[in-house]
Amino acid sequence: MIKVILVDDEVLALDYLESLIDWESEGFQVVGRATGGKKAWALYEKYKPEIVISDIRMIGMDGLELAGKIKEKNPAAIVVLLSAYKDFEYAQKGIQYGVSNYLLKHELSEESLLAELTHIKAELAKQSKKEKIYQEYFMKQLIYQQDAMPGLEEMDLGNRLFMIMLHREDIFQNGVFTGQSLCIENYETIRNVMEAPLEETVSYVADAKMNESHQIILYQIEKEVSKYKINHLIEEKSRQLAEVLKETVGKEINVLYSYEIRKSEISFTFQKMSRQIRFAVFWEAGACLALEQMAEIENQDSVVWGDEMMDLESAVYKESRDIKEMLDYLFDLVTYPQFKLKSLKELVHLLEMTYRKIKEKESVTGPDEKENVYKIKDIRQYYTERFLCLNGKIHEGEGAEDFR
């Protein structure tokens, strides 16, 4: 919804303006009404609407003064003034403030108001597209510590920030990890939650799609509050995003967030997040985790696989009921005491080759594919079912369920 504030010192005029159209069905939300410029300015500060429609003649702060304050605060805001013929020359002064347009009060109708709002909506869409391009460029400039593009001024960030990384899990099937697109661009509900301020303290700055499965979001901390309070708000914003992502995209989305950082720490924090997110296959489904509460990933010795696959193959042919214990042991090697991602990928490659070898040699079929697999516990179950099924079919046609 595009937020709108209506301003007129006559209540009847406000009522008429608000009743002219069905604002919400047209994509607009009237977030406030004011009977004077000062009250309108307070509402603007609170709601930060995209559009302000104001009478030009009002006692105290009039429409021109209000327009000037709004445009000084936010040059991209749209201000439409309502005027009479006799106010035309006076209204022309609004050009210096960047007033978007004028509507004659005695000619105001459903058709004329809708025409103006349709034009504004198109302009806002163009503006939004340009802002999105700039935001992505700005984010990547900060993350990769690039030089600023000539002609672009840097955003005023302050030095109290935090970051959230969104990540969509890889699908695991038949021994292969396949990336998925995060694809949140078309979800207005996600964008609304992402950009919504929190208690006038946390405000959205920018976001950028780093690749098909990763999105990074930067937030600014605007009020002086305690570290405990800031951490609580960061956690709340992260949980909000995790919940809306689960509802709209699916439970295979991870949310990784930092606590408060300085501007100079953005690149380092992003790199640290990128290292951690690679190990998401070991996390719980739909994880929402704080970066600072995670152990730093260190160089790890890989597991050296020896005769394990031969032993597993032998167990399948010997009708052994130790298959599950053997697989549990193998997966524990890549999980404890530290996650070993490279070794996990080597393990599933070897398991898949062994499984296919036995399956083709004995001309048997495996169990039906179930829902998508994302986590290590599901991968472990995936191969346990398949090797038990092979064992059962080789020996008297028994199924995997008989060996659990």
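Going by the structure above, here's the rest.
Because the structure is predicted, anything quoted here is derived from the model rather than measured.

Draft legend 1. Local environment of the overall build of the protein. On a plain count of helices and strands, the protein comes out with twelve helices and twelve strands. Here the protein has a C-alpha radius of gyration of 30 Å; the compact-globule value for 404 residues is 22 Å, and the former is much larger. Each principal axis of the C-alpha distribution contributes one length, and for the protein these read about 100 × 45 × 40 Å. If you take every contact in the protein between residues at least 6 apart in sequence, the share linking residues at least 24 apart comes to 69%. Surface accessibility of the protein: about 21400 Å² in total, with carbon and sulfur atoms responsible for 49%. Within the protein, the 72 negative side-chain charges are centred at a point lying 2 Å from the centre of the 52 positive side-chain charges.

Draft legend 2. Structural detail: the nonpolar core. Ranked by internal contacts, the top residues of the largest apolar core, which has 57 residues, are I216, L218, L344, L351, Y383 and F387. Those residues in contact with L218, other than ones at most four positions away along the chain, are M139, L142, L157, L161, F162, M163, Y204, V205, A206 and I266. Ranked by size, the runner-up nonpolar core spans 26 residues in total, among them I184, I190, M194 and L198.

Draft legend 3. Just the side chain of K375, in detail. With respect to the helices and strands, the residue K375 is situated in the loop between α11 (341-362) and α12 (376-394). Within the structure, the side chain of K375 is placed 2.6 Å from the backbone oxygen of A280, a separation counted as a polar contact. A polar contact is formed between the side chain of K375 and the backbone oxygen of W283, at a distance of 3.4 Å. Each residue touching K375, except ones within four places of it in the same chain, is listed here: E169, N254, A280, V281, W283, E284 and A285.

Draft legend 4. Just the sheet that holds strand β9 (residues 202-211), in detail. A sheet is described by the order of its strands in space; here five strands give the open sequence β9-β10-β6-β11-β12, paired in mixed fashion. The open sheet has two edge strands, β9 and β12 (288-290), and neither has a second partner. If you compare each strand with its neighbour and ignore which way they point, the axes differ by 20° on average. Lying over the sheet, helix α7 (residues 227-248) contacts β6 (161-168), β9, β10 (214-221), β11 (253-257) and β12, oriented at roughly 165° with respect to β11. The strands touched by helix α8 (residues 266-277) are β6, β9, β10 and β11; relative to β6, the strand with the most contacts, the crossing angle is about 25°.

Draft legend 5. Here's a closer look at helix α2 (residues 37-47). Listed in full, the buried residues belonging to α2 are G37, A40, W41, L43 and Y44. Projected down its long axis, α2 shows its buried positions confined to an angular sector of 160°, all on one face. Facing away from the buried surface of α2 by more than 90 degrees, the exposed residues are K38 and K46. A positive phi of about 50° marks K48, the residue just after α2.

Draft legend 6. Region of interest: the packing of helix α6 (residues 188-195) against α7. Packing of α6 against α7 leaves a shortest axis separation of 10 Å and a crossing angle of 180°. Between α6 and α7, the angle falls in the class roughly antiparallel. Residues T189, I190, V193 and M194 of α6 touch α7, and the partners they reach there are K237, Q240, L241, V244, L245 and T248. Its residues assigned to classes, the contact of α6 with α7 comprises six nonpolar, three polar and one charged.

Draft legend 7. Molecular detail of the pairing of β6. The buried count for β6 comes to eight of eight residues, which makes it a mostly enclosed element. A two-sided burial pattern is seen for β6, the buried positions comprising L161, M163, M165 and H167 on one face and F162, I164, L166 and R168 on the other. With seven bridges joining them, β6 and β10 adopt antiparallel strand pairing. Considered in β10, the bridge of M163 is made with L218.

Draft legend 8. View of a negative patch on the surface. A surface patch of like charges, here negative, comprises D22, E24, E26, E110 and E111. Inspection of the secondary structure puts E26 in the loop between α1 (11-19) and β2 (28-34).

Draft legend 9. Just the pattern of salt bridges, in detail. Taken as a whole and assessed by the stated rule, the structure comprises 23 salt bridges. Where K272 meets E296, a salt bridge forms, and the shortest distance between an N and an O atom there is 4.0 Å. Here the residue K272 occupies a position in helix α8, and E296 occupies one in the loop between β12 and α9 (308-317), the gap between them amounting to 24 residues. The class for E296 is partly exposed, based on a relative accessible area of 33%.

Draft legend 10. A look at the packing of α9 against α11. Between α9 and α11, the shortest axis-to-axis distance is 10 Å and the interhelical angle comes to 35°. Read as a crossing pair, α9 and α11 show a hand that is right-handed. Touching M309, L312, E313, V316 and Y317 of α9 are L347, L350, L351, T354, K357, I358, K361 and E362, all from α11.

Draft legend 11. Region of interest: the sheet that holds strand β4 (residues 78-83). Spatially, the five strands line up as an open sheet ordered β2-β1-β3-β4-β5, and their pairing is parallel. Taken across any chain shown, the strands that pair with only one partner, and hence form the sheet edges, are β2 and β5 (101-104). The average angle at which neighbouring strand axes cross in this sheet is 20°, direction not considered. Across six bridges, strand β1 (residues 2-7) lies against β2 in parallel orientation. When the bridges of β2 are listed, I5 appears paired with G32.

Draft legend 12. Broad picture of the packing of aromatic side chains. Counting across every chain of the model gives 14 aromatic pairs. Considering the side-chain rings of W41 and Y44, the 5.8 Å spacing of their centres and the 15° angle between planes classify their relative orientation as stacked. One end of the pair, W41, and the other, Y44, are both in helix α2, three residues apart, so they sit about a helical turn from each other. Since its relative accessible area comes to 17%, W41 is described here as buried.

Parameters at a glance
- Note that residues are indexed from 1 along each chain, following the sequence as it is written.
- Local features in this predicted model are restricted to residues of pLDDT 70 or higher, and side-chain atom pairs are both shown and tallied only at a pLDDT of 80 or more, whereas totals for entire chains, interfaces and linings draw on every residue.
- To obtain the side-chain values, all non-hydrogen atoms of the structure were included, while hydrogens and water were left out.
- Numbered from the N terminus, helices here are DSSP runs of H or I no shorter than four residues, and strands are runs of E no shorter than two.
- For this measure, only C-alpha atoms enter the radius of gyration; the expected value for a globule follows 2.2 Å times N^0.38, where N is the number of residues.
- In what follows, a contact means two residues having at least one pair of non-hydrogen atoms within 4.5 Å.
- Working definition of accessibility: Shrake-Rupley area with a 1.4 Å probe, residue cover restricted to the visible protein chains.
- By the counting scheme adopted, Arg and Lys are positive, Glu and Asp are negative, and His together with the chain ends is not counted.
- In this description, the location of a charge corresponds to atom NZ of lysine, CZ of arginine, CG of aspartate or CD of glutamate.
- For the purposes of this section, nonpolar cores are sets of buried Ala, Val, Leu, Ile, Met, Phe, Trp, Tyr and Cys residues that join through side-chain atoms within 4.5 Å.
- Only protein chains enter the accessibility calculation, which uses a 1.4 Å probe; a residue is then buried when its area is under 20% of its type maximum, exposed when over 50%, and partly exposed in between.
- Two N or O atoms count as a polar contact when they lie within 3.5 Å, although within protein this holds only if one can serve as hydrogen donor and the other as acceptor, and sequence-adjacent residues are included solely when both atoms are side-chain atoms.
- Whether two strands pair depends on DSSP finding at least two bridges between them.
- A fitted line through C-alpha atoms serves as each axis, taken over the contacting stretch for helices, and the angle formed by two N-to-C directions is quoted from 0 to 180°.
- Regarding the arc, it is the one traced by the directions from the helix axis to the C-beta atoms.
- When an angle is under 35 degrees it counts as roughly parallel; over 145 it counts as roughly antiparallel; between 65 and 115 it counts as roughly perpendicular; any other value is oblique.
- Each residue is assigned to one class: nonpolar for Ala, Val, Leu, Ile, Met, Phe, Trp, Tyr, Cys and Pro, charged for Asp, Glu, Lys and Arg, and polar for all the others, Gly among them.
- The patches described consist of residues with a relative accessible area above 30% and no salt bridge, like charges being joined within 9 Å and nonpolar side chains (Val, Leu, Ile, Met, Phe, Trp, Tyr) within 5 Å.
- Salt bridges, as used here, are contacts in which a Lys or Arg side-chain nitrogen is within 4 Å of a carboxyl oxygen on Asp or Glu.
- Less than a right angle of anticlockwise turn of the near helix away from the far helix marks a crossing as left-handed, whereas a clockwise turn marks it as right-handed.
- When two rings of Phe, Tyr or Trp (its six-membered ring) have centres within 6.5 Å they constitute a pair, described as stacked for plane angles under 30 degrees, edge-to-face for angles over 60, and tilted for the intermediate range.

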